[in-house]
Amino acid sequence: MVIKMEKNILRYKKPVPYRRSGPDSEEIWNEATPIGNGNMGAMVFGGVQKEKLQLNEDTIWYGNGKRNRVNPEAKDNYLKVRSLLQEGMLNEAQSLAEDTMMPVPDQQRNYSTAGEIWFDFHDGKEEYHNYSRCLNLEEAMVDMRYSLGGKEYHREYFASAEHQVIAIHQRASQNEQVDGCLTFTFFRSNAEKIEKLTDKIITMTAKEGADGCRYCIMAAIQNEGGTVEIHRDQIRVKEAEAFTIYLTIRSDFYGENPAAWGKERMETVLKLPYEEVKREHVKEYRKYYDRVQFTLGEEDNKAQLPISDRLKALQKGEQDPGLISAYFQFGRYLLISCSRPGSQAANLQGIWNRNEHPAWGSKYTININTEMNYWPAESCNLSECHMPLFELIRRMLPNGQKVARDMYGLSGFVAHHNTDLFGDCAPQDSVMTSTIWPMGAAWLCIHIWNHYEYTLDKKFLKENMNLLKEASLFLADYLIENQNGKLVTCPSISPENTYIHPNGQSGQLCIGPTMDSEITRDLFEACIKGAEITGCEDELTEKLKKLLLRLPELSVGKYGQLMEWAEDYEEKELGHRHISHLYALYPSEQITYEKTPELMEAARVTLERRLKNGGGHTGWSRAWIINMWARLRDGERAGENLNALLTKSTYPNLFDCHPPFQIDGNFGGTAAIVEMLLQSHNGVLFFLPALPGNWNCGNIRGLKTKGAITVSFAWKEGQMVSGRIAVEKGGSCCFIKPDGIREIISDNDVSITYEESMVICYCTEPYDIRLL
C-alpha cells in the first residue's frame, strides 16, 4: 500500500467506534474527521464494513426569528436599575434587573443537526488489515485505505463548494468489484417524507420544530458498472467497478424549493465524471488554501504518525514543530470549510454539530467566541471567509434597532451577548453574569473596520458605514457620566465575572466595566475614521469626537493589574476564564510597549494572576491567552500556552475542547501562531515578536497585514534571514528591521528612510520590498 508522505496530512490509525443508534458521546464524536464546503458539512467516522456520516447544513435551526423577547418592563425600569447602582445598592439593582430586564422567553433559537446517513460496504464481519485514514489539508479530502479478504480498497470523501455536494467514492484494486448500500436514518421525529425521484436519486424531507425550516437531504448514486436499486430509504449498488454517492442538503431559509434546488444539483453532478468533480473541488479549495504556506522546524518522521500518537507524545514533553504547523493549517482549513461567501457565519461549532439541542444552542456567542472565530480571517489571507459575519450583522440591524427602542427607549443598534441565525438581538438567558451586556453589536461592528484596515476596500467600508454609525449611535445615547466625570456604560457587566463591592456584596451588574470603555473607544474611532475616508461625516461623527475625549483612561489597580472595573474591586474568582479587560491588549491595539509601557506591565500582571489561580482552563480562553502573551512579546510563555492548548484542550481530531467542542479555540490558536510570528499594529510591522526558543527555524509565505500588505519570510537560529513585503495598493509601509537582515532592496521609485531601527517605505504605486 502506498502511504502519502506529504506534510499537512492528519493521519488516523483506526475507525471511530461510533454508536449504531442515537448520538455519539462527545469523546467518540471528536475522533471523527470534519469536512465542509462552507454551508454543508459532515463528520467522517471511517468505518470499514459499516460507515456513517453525521451531517450538518448551516441554516437548519430550530424555530424562526418571528419573536420579540424584550421584557416589556425593561424600558421603564433600566434607569431605576442604573440609579440603584449609582447609590451602591447592588443587591436591589440586580433583583430589579432580574424581574424587569431579563428576556421573555429567555432563549434564542438553536442550531440543529441534519441527522445521519448510514452505509454498508461489505457483508459480514471479516477482519480488515492495513487500515489508514487521512485528512489531506491541502486538498480538503479524506483518504481511506484498507484490505479485506485479500483485496485492497480505497475510499475518498470531500465536500465540494463548486458543485454543492458531499462525495463518497468507493473503489477496489484493479479488476475487483464493490458493493454498497446507503440508508437514510433519522433518530428524530421530524422526517416527513422519503421518496425516490429517479432511478439514481432519493430524497428525504424534514421539518424543524417551532415552525422552523423545512429541508431536504438528497442522495444520488453514480456507478461504474454493476446494478443500482432504490427501495424504501435505501440506494443499493452491486458488482460495480467503482461508485460514488453524492449528498446535498438545502433548507427553505433562502426562499427556494429545497427539493428542486437539490435535484438540479444532483442531475448536474451525475453528468460529470467523478474525477472531474474531484479535480474541480480541489482547484476551488486551493485558491484559498494555497495563499499561505508554513513550515516549522526541520523535517522528521513524525508526520507519518497518527495524530493521537503525536498528541500523546507532546503530552510527554516531546517536541513536534510539524504538528504546530499542521494545527495552524487545520485552523485555516476549518475556516475555509465553514465560512464562505454565501454561507452563514461560523457558529460555536463552525458547522459541525452532533446534537438536536447542542450546548449553548451552538449559537453565536458575541461576548468573545464569534469574534474569535474571525481573528485569523484577515491575517491568514482569508478575507472572503469574513464575509458571512458581515451578512449576519446586517441581518441583526433591524432587530437590534427595535431592541434599542423597546428595551431602552434609545436610537441606534444594540445586541447583547448572543445572537442566532435570525439576528435576534434581545438578551439571552436569565443569568446575571452574562445577560445584561449591551456591547455585542459594537464589538461585531469593529470587525467591519478591521476588514477595511487589512484590505483598504473603500467600497466595502462605505456600504457598511451605516452599521458602524448605528452601533455608535446607541452607545452615544447609553453612556452616562460617572462620579469622576467620565462617560461609561450602565448597567452592564464584565463578561462573565463577579466582583466584591466594598460593602461586602458580590455582584455582576456594574457601572463602567473596563471592556465596555475599550470597545466604545475602538468603535467611535472606527466610525470617525470611516466617515472621513468615505465622505459621510455628519452630526453624529462630530458628537463622537467630543465623546471620545470623555471616555475613561485605562487604570492600574492595587495589585499592579489592569483594572477590570471602573472601581478597583476585589475579584471573587481570581482564575476566571474570561479576561475581558485585556481586550485592549488583544485584539485591540490600545495597549502597546511603544505607547503605554506601564499598561503593558499591568497586562502582564493580570495574565500572571489569572494563570496562577487556574485561568485558561477552557480551550478558547487558552487561545486568547496565547495571543496576549504574543502581544507582550514573550515567546516562551506564548509557546508554553500553545503547548497547553494542544495537550489539554484538543481532541484527537484536533477540534478544540472547551469542553465540549467549540471551534473558537481552533481559530484563536491559529490567529495566535500568526501573532507569534508577525504583528501589525499601529502602522508598524514586527517580525518574530514572540518566537519560542524551540522554534529555531522555519518559513511562512502569504500572511496578510494591515494596509493590504502580503508578507513572507524565513528564519534560522531564531533570526530572520530573508523576506518579502508586497504593498499591494501602494502607500507607506513601516517595519522594525530584523537583526538578521543586512540588505533591503526595492523598486527604484520606492522611497526608503530610516529612523533608528524603523524602516519607512513609500510609493504611490504597488511595490515590493525584499529583505536579505
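Further up the page is the structure itself.
What you see is a predicted model; the values in this text were computed from it and never measured.

Draft legend 1. Highlighting the overall build of the protein. Check the secondary structure of the protein and you find 18 helices and 34 strands. A globule of 772 residues ought to have a C-alpha radius of gyration of about 28 Å, and the protein, at 27 Å, matches this closely. Overall, the C-alpha framework of the protein stretches about 80 × 65 × 50 Å when taken along its three principal axes. Relative to its full complement of 772 residues, the protein shows a buried share of 64%. Within the protein, contacts between residues at least 6 apart in sequence are counted, and of these 70% link residues at least 24 apart. When the accessible area of the protein is evaluated, it comes to approximately 27,800 Å², of which 47% is carbon and sulfur surface. The averaged location of the 106 negative side-chain charges in the protein is 2 Å from the averaged location of its 86 positive side-chain charges.

Draft legend 2. Looking closely at the sheet that holds strand β33 (residues 758-763). Spatial strand order, β25-β26-β30-β33-β32: 5 strands in an open sheet with mixed pairing. The sheet is open, and its two edges are formed by β25 (678-681) and β32 (751-755), each paired on a single side. Neighbour-to-neighbour, the strand axes of this sheet turn through a mean angle of 20 degrees, independent of strand direction. The pairing of strand β26 (residues 684-687) with strand β30 (residues 731-736) spans 2 bridges and is classified as parallel.

Draft legend 3. Local environment of the pairing of strand β4 (residues 50-57). Counting buried positions over the 8 residues of β4 gives 7, a clear majority of the element. Relative to strand β5 (residues 115-120), β4 runs antiparallel, the two sharing 6 bridges. The residue of β5 that forms the bridge with Glu51 is Phe119.

Draft legend 4. View of helix α11 (residues 440-455). When the terminal C-alpha atoms of α11 are compared, their 24 Å separation across 16 residues agrees well with the 22 Å that a helix rising 1.5 Å per residue should span. Summarising burial for α11: 14 of the 16 residues are buried, a large majority. Residue Leu456 follows α11 closely and has a positive phi angle near 55 degrees.

Draft legend 5. Geometry of the pairing of β25. Across the two faces of β25 the burial is the same, with Leu678 and Ser680 and Gln679 and His681 all buried. With 4 bridges joining them, β25 and β26 adopt antiparallel strand pairing. Of the residues in β26, the one forming a bridge with Ser680 is Leu685. Counted between consecutive antiparallel strands, the loop separating β25 from β26 contains 2 residues, among which Asn682 sits at a positive phi close to 55 degrees.

Draft legend 6. Broad picture of the environment of Ile448. Within the element layout of this structure, Ile448 appears in helix α11. Overall, Ile448 belongs to the buried group, its relative accessible area being 0%. Sequence separation between Ile448 and Ile393 is 55 residues; the distance between their C-alpha atoms is 9.6 Å. Once you skip the residues sitting within four places of it in the chain, Ile448 turns out to touch Phe390, Phe460, Asn464, Leu467 and Leu468.

Draft legend 7. Seen up close, the sheet that holds strand β31 (residues 744-746). Pairing is antiparallel across the open sheet formed by 6 strands, whose spatial order is β17-β27-β28-β29-β34-β31. If you trace the sheet from one side to the other, it starts and ends with β17 (293-296) and β31, each paired once. Neighbour to neighbour, the strand axes of the sheet diverge by 20 degrees on average, direction disregarded. Strand direction decides the pairing type here: β17 and strand β27 (residues 698-705), joined by 4 bridges, are antiparallel. Across the sheet, the residue bridging to Thr295 is Asn699, located in β27.

Draft legend 8. Expanded view of the environment of Ala638. If you trace the backbone, Ala638 turns up in helix α17 (residues 635-648). Look at Ala638 and you get buried, because its relative accessible area is 0%. In the structure, Ala638 is positioned 42 residues away from Ser680 in sequence and 17 Å away in space, judged by C-alpha atoms. Excluding residues within four positions of it along the chain, Ala638 makes contact with Ile626, Trp629, Ala630 and Met676.

Draft legend 9. Region of interest: the packing of aromatic side chains. What the rule picks out here adds up to 35 aromatic pairs. Judged by centre distance (6.2 Å) and plane angle (70 degrees), the ring pair of Tyr285 and Tyr333 falls under edge-to-face. In this pair, Tyr285 sits in helix α5 (residues 274-289) while Tyr333 sits in helix α7 (residues 321-338), placing the two residues 48 residues apart along the sequence. For Tyr285, a relative accessible area of 2% translates into the label buried. A network of ring pairs unites the aromatic residues Trp29, Tyr285, Tyr289, Phe330, Tyr333, Trp352, Phe655 and Phe661 as a single cluster. Over the ring of Phe45 we find Lys52, and its NZ or CZ is 5.0 Å from the ring centre. Cation over ring: Arg155 sits above Phe121, and NZ or CZ is 3.6 Å from the ring centre.

Criteria and cut-off values
- Going along each chain's sequence as written, the residues are numbered from 1 onward.
- Reporting of local features is limited, given that this is a predicted model, to residues whose pLDDT is at least 70; pairs of side-chain atoms are given and counted only at 80 or more, and all residues count toward the totals for whole chains, interfaces and linings.
- Excluded from the side-chain calculation are hydrogens and water; included are all heavy atoms of the structure.
- Helical segments are the DSSP runs of H or I of at least four residues, strand segments are the runs of E of at least two, and each set is numbered from the N terminus.
- Atoms counted for the radius of gyration: C-alpha only. Globule rule: 2.2 Å times residue count to the power 0.38.
- Only protein chains enter the calculation, and the probe is 1.4 Å; a residue is then buried if its accessible area is under 20% of its type maximum, exposed if over 50%, and partly exposed in between.
- A contact between two residues is defined here by any heavy atoms of the two lying within 4.5 Å.
- For the accessible areas, the method is Shrake-Rupley and the probe is 1.4 Å, while residue cover comes only from the protein chains on display.
- Counting rule for charge: Lys and Arg are taken as positive, Asp and Glu as negative, and neither His nor the chain ends is counted.
- The atoms used to mark charge sites are NZ of Lys, CZ of Arg, CG of Asp and CD of Glu.
- Think of it this way: DSSP has to see at least two bridges between two strands before they count as a pair.
- For helices, the axis comes from a line fit to the C-alpha atoms of the stretch in contact; other axes are also lines fit to C-alpha atoms, and the angle between any two N-to-C directions lies between 0 and 180 degrees.
- Given a helix with a known number of residues, its expected span is that number minus one, times 1.5 Å.
- Only centres within 6.5 Å qualify two rings of Phe, Tyr or Trp (six-membered ring in Trp) as a pair; their planes then separate them into stacked at under 30 degrees, edge-to-face at over 60, and tilted for everything else.
- Whether a charge lies above a ring is judged from NZ of Lys or CZ of Arg, which has to be within 6 Å of the ring centre and within 35 degrees of the ring normal.

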